[in-house]
Each structure stands twice: as C-alpha cells, then as structure tokens.
Amino acid sequence: MSAMIRFHNTLGGKVEEFIPIETGRVRLYTCGPTVYDYPHIGNWRAYVFEDLLKRFLKYRGFNVLHVMNITDVDDKTIRGANARGIGLEDYTRPFIEAFHAERDTLAILAADHYPRATAFIPEMAALIEILLDKGVAYRKDGSIYFAIDKFPSYGRLSRINLEDRRPGSRGDSDEYEKDSVHDFALWKAPKEGEPVWETGIGPGRPGWHIECSAMSAKYLGPTFDIHCGGVDNIFPHHENEIAQSEAANGVPFVRYWLHCHHLVVDGEKMAKSKGNFFRLADILAKGYEPAEIRFLLLSTHYRKMLDFTEDGLRQARTSRNRIRNLLFELRHIERDLPEDPAAARALETARRAFVAGLEDDLNISEALAAIFELVKGVNILIAEGRLGSPDARKVLAFIEEVDTAVLACLAGKPGDGAAAGDIDTWVRDKIEARQKARAAKDFKRADEIRQELAAAGIVLEDTKEGLRWKRIALPKS
Ligand SMILES: [Zn+2]
C-alpha cells in the first residue's frame, strides 16, 4: 500500500497529499464537547467522522496520538451551573459521563488524552503571559485580549473579510459570528457569579479558545499534523487557536485542518423549538441499533451536509443487513471446493477499492461501494455453488478486518435484526433452551423459542444426523 493519502485542507481550501511531520506517526487534535448539556446527534456526526479518520490512519499503519479537550468552563457551562445553583464540577460531571458512555455505544475509539479546561488553568495562564510579553495581548479592565491586528495572518483559515472591523473593538463572549471580527478575550476578569482562579496573570477565568492552544501544545507539541472540528468551529474558534498558538510559539500550528459539515434533520437545522432535536437516546428509543446509527452517520462524506432522516436509518439497516447476511452465510459454508479465481479477483478488487476510496479524502461512498460490490459478487458465486470453504474464510476475514479496524458498524449483537455476527452462539443457546423446555414438557416455552428463532430467520430441521438449523430469509426490517 504505497498510494498516497489525500485530505481536503481547510487551510488553503485544497485537497493535498497527507505527509505527517514524523514518518509513521500522526498527532491529532479534535475539539471536544462543551459539557453544558448532553451531546446531540449533530455532535456525534463530527465525532464519528473523526473516528473514521483516526481508525483509517491506524489501519494504514500510522501510530496516532489523539487528544480531545473537554470544555468544562465557558459561558454556557457557567450559565447552566448558576441556573441550577450548583458548582461547575457537579454540573458538568453527568454530561462528561454521558459523553463517554455514548461514545462507547457508537464504537468511537477513546482518545489518548481528554484534558479538561479546569485542569489546565496554569498552562493557559502561562501561554497568555507569553502573549502579553510578546505584545500581541493587552489588558483592559482586568481582562486580557488578543490583538488581532498584531497577528498579520489572522483570518487565513476562515478567509473572513477583515476590512469591516473597527481597530481595537473587543468581544467577551466565547462564541461570535463571522460579521463581528474583533479582539477576543483570552482571560476574563472576575465577575459576580463566575468561578475565579488566582494565577500569575491575575485573578479571573479563561476564555474558551485558549484551552485548545494550551492543551495541544502540551501533548502534541507546538506544531502537529491534523486538527479537526465541525465547520462551525472554523470561525472564530480555530482562527483564534491559530492566532494564539502561532503568535506564542513562532511556528506553524497545524499542518492539516479537516472540518466536517453540518447535520440537518429532514432537511432542516436542528432546533429544540422545532421538535427535530435528537440525542442518541432518542434515536435508540425508536428501535434503531447503535451500529445502524453509526452506519448512517458514517456513510455520508464528511464534507457534505448530512440529512438525518428516519428513511436514512431504515436504509442504513437494510444496507447493513445485506452485508451481515453474507457474513452469516460465509460462516456456514462447508464445501470442499478448490479456490475459485473469481473469488480471489473480487476480493482483491474490493480490498484495493476500499483503501483507495478512503485514501481519497475519506471517500466513504467508494469504500462502502467496494464492500457492496464484493457482497454482490460473492452472493453470485454462492448461488452458482462455486464458493468453497477456503474462499469463504478469506472473504469473511477481509470484511471482518475492515469492520473491526475501520467501519465498526457491520457486525452486530446476536439476535439483533437479521441473523449475523456471532449468531452461532446465540442459536446454539436457543436450541439448548428449547431442548430443555421440551424435556421438561414445557411445550409452550419450546414453541416460543422456535418462534423467536423463526423471527430471526432461523429454522430448525430434524435430520438423520440430528437437529440442524439454517437461515431462511431476512426478517422484515
Ligand atoms: Zn478547540
């Protein structure tokens, strides 16, 4: 695998060859959750994209060092804690726990470090002190601001129009719109109802942007390979991160900026007021599997708008079941046939197209198409009676390999939807339970188990060799 990997770099706006700073190693930073609430499905879209990126880089043999921050102090967390009349830590804890639990549910690999802003105050203060010393930051009424005029390349990432800004105009809020380009707060003066830290630069609390500059430098160094986030983060957050880091360290901050597009629901922007606001739990409650949700979040290219619909979820289920049915079939082929060159060709083509697709700026559509082409080809070979055990094992091993390493959404829990994954154990257990029920003359229970098996597409047959089972058809999805 010597072909090159290309990514679309927001910095410059072009697709570029990916060359890590250190051969074989990728330093990755992804902006994490602001834990003032539970994550919504749009947040998960970004995190699943980042997971695909990371898993693919690992699959291609890179050693990936991944850092994701947790923003546990900012305007929103403070507001939320005050509204509930509890401390910041008590307020954010359940949201941090929920984030990790849901991350596990969606099979997102854990980062190497999850630094929390409140645990990084000294590092942030030290960084702000450097900016003050260099004259790119200034004090005003107890707060400290970054002077964007002192950083000539400000605006390079987002390509914002700097013409309209009023020199010296300042803003204190952590998030602001593109049309208000101004000096931003690095450190906020003590204020009634806000937490205060005593530091070398004075008392107060950090602005939002500074944490990512401080944390990334600590774990990944002043220059690292990839920084990700949603398109919402480009301005002002990432623009400000660049300004802080490069002004302080005097070296380029990040080589490749990858941003994923928005998620909309039924073509509309998610909003609690519209009733189209979903969290992971809401989708699970509708009866969809985590892997089906991951499949849907994954299957639209990260730079395209993802329209999250119930129809999309159903399609994800159908697509996924098509693959899982084949996996099931492959596990049960016991046919002593020589290897068929057609099987080897189909497998080789799939392997190459899968990798080539993802190498091309994570083109997931091509990568998934490669798997579906393989499924189609192998199903034909099975129908023609040409697929023997050795070929079956190889195809199975390939699909399991890319699923375990990269996709993490094809295999499923036994008995979930169509027969798949580790179905053998599940079926064996059911059959055993049924035999026991029959032995105990509990024919009602035995019949229930038989029906359960039938619902999963499993029929039992009494043969000369004893009880056998086979899959007949897909249950309706
Ligand atoms: Zn950030």
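These numbers were taken from a predicted model, which means no experiment stands behind them.

With that out of the way, let us pick up the overall build of the protein chain. Within the protein chain, the secondary structure is distributed over 14 helices and 17 strands. The C-alpha extent of the protein chain, read off along each of the three principal axes, is 90 × 50 × 35 Å. Among the 477 residues that make up the protein chain, the fraction classed as buried is 53%. In the protein chain, the share of contacts with a sequence separation of at least 24, taken over all contacts with a separation of at least 6, comes to 74%. With the model as given, the accessible surface of the protein chain reaches about 21,300 Å², and the carbon-plus-sulfur share is 50%.

With that settled, the discussion passes to the pattern of salt bridges. Counting across every chain of the model gives 36 salt bridges. Here D72 ties to R116 by a salt bridge, and the two come within 3.2 Å at their closest N and O atoms. Taken together, the residues D72 in the loop between β4 (63-68) and α2 (75-84) and R116 in the loop between α3 (88-105) and α4 (121-133) connect sequence positions 44 residues apart. Among the residues examined, R116 registers a relative accessible area of 30% and is labelled partly exposed.

Side chains of E163, D164, E177 and D179 sit close together on the surface and give a patch of like negative charge. In this fold, E163 is placed in the loop between β6 (143-146) and β7 (170-171). On the accessibility criterion, E163 (67% relative accessible area) is exposed.

The next subject is the nonpolar core. Counting residues in hydrophobic clusters, the biggest one holds 133 residues, and the most contacted among them are I226 and F354. Beyond its immediate sequence surroundings of up to four residues, F354 is in contact with Y59, A367, A370, I371, F398, V402, V406 and L407. Of all hydrophobic cores here, the second largest spans six residues; its members include V427, I431, L453 and I458.

Sheet topology places strand β1 (residues 6-9) next to strand β2 (residues 14-17); four bridges connect them, and they run antiparallel. Looking at β2, one finds that N9 is bridged to K14. From the end of β1 to the start of β2, which pair antiparallel, there are four residues, and G12 there has a positive phi angle of about 110 degrees.

Under the definition given, this model contains 19 aromatic pairs. Between the aromatic rings of Y91 and F95, the centroid separation amounts to 5.3 Å while the plane-to-plane angle is 75 degrees, which identifies the pairing as edge-to-face. Taken together, the positions of Y91 and F95, both in helix α3 and four residues apart, correspond to about one turn of that helix. Given a relative accessible area of 7%, F95 falls into the buried group.

It should be kept in mind that the predicted coordinates are not to be read in detail where pLDDT is low. Averaged over the protein chain, the pLDDT score is 91; the fraction of residues at 70 or greater is 93%. In this model residues 413-421 is a low-confidence stretch, pLDDT under 50, and it forms 27 contacts with partners more than four residues away in sequence or in other chains.

Scoring rules and cut-offs
- Residues numbered from 1 in each chain as written.
- Predicted model: local features only at pLDDT ≥ 70, side-chain atom pairs only at ≥ 80, totals over all residues.
- Heavy atoms only, no water.
- Helix = DSSP H or I, 4+ residues; strand = E, 2+ residues; numbered from the N terminus.
- Buried < 20%, exposed > 50% of the residue type's maximum accessible area, 1.4 Å probe, protein only.
- Contact = heavy atoms within 4.5 Å.
- Areas by Shrake-Rupley, 256 points an atom, 1.4 Å probe, with all protein chains shown as cover.
- Salt bridge = Lys/Arg side-chain N within 4 Å of Asp/Glu carboxyl O.
- Patch = residues over 30% accessible without salt bridge, like charges linked within 9 Å, V, L, I, M, F, W, Y side chains within 5 Å.
- Lys, Arg positive; Asp, Glu negative; His and termini not counted.
- Charge placed at Lys NZ, Arg CZ, Asp CG, Glu CD.
- Core = buried A, V, L, I, M, F, W, Y, C linked by side-chain atoms within 4.5 Å.
- Pairing = 2+ DSSP bridges.
- Phe/Tyr/Trp six-rings, centres within 6.5 Å; stacked < 30°, edge-to-face > 60°.
- pLDDT = per-residue confidence, 0-100.

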